[in-house]
Amino acid sequence: MHESVADYVAEHPKMAGVLFTALLLLTQAAPAAANAVATTPGP
């Protein structure tokens, strides 16, 4: 069992890229989803 994420990434260096890519996609997808749901107030 891994004590922390740092220990896991140290044992599996390729996962650093995977985690970075997932974080990047999530940070880009959240604002896009928020903009899609936003509504314009009516008159």
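The structure this text deals with has already been given above.
Residues numbered from 1 in each chain as written. Predicted model: local features only at pLDDT ≥ 70, side-chain atom pairs only at ≥ 80, totals over all residues. Heavy atoms only, no water.

## Some details on the overall build of the protein
Each helix and strand in the protein was counted, giving two helices and zero strands. Counting only residues that meet the buried cut, the protein has 0% of its 43 residues in that class. Split by element, the accessible area of the protein, about 4000 Å² in all, is 70% carbon and sulfur. (Helix = DSSP H or I, 4+ residues; strand = E, 2+ residues; numbered from the N terminus. Buried < 20%, exposed > 50% of the residue type's maximum accessible area, 1.4 Å probe, protein only. Areas by Shrake-Rupley, 256 points an atom, 1.4 Å probe, with all protein chains shown as cover.)

## Focus on the environment of Thr27
Tracing the backbone shows Thr27 in helix 2 (residues 14-37). Take Thr27: its relative accessible area is 42%, and that puts it in the partly exposed class. Engagement of the side chain of Thr27 in a polar contact is seen with the backbone oxygen of Leu24, the distance being 2.8 Å. (Polar contact = N/O pair within 3.5 Å; in protein donor to acceptor, adjacent residues only side chain to side chain.)

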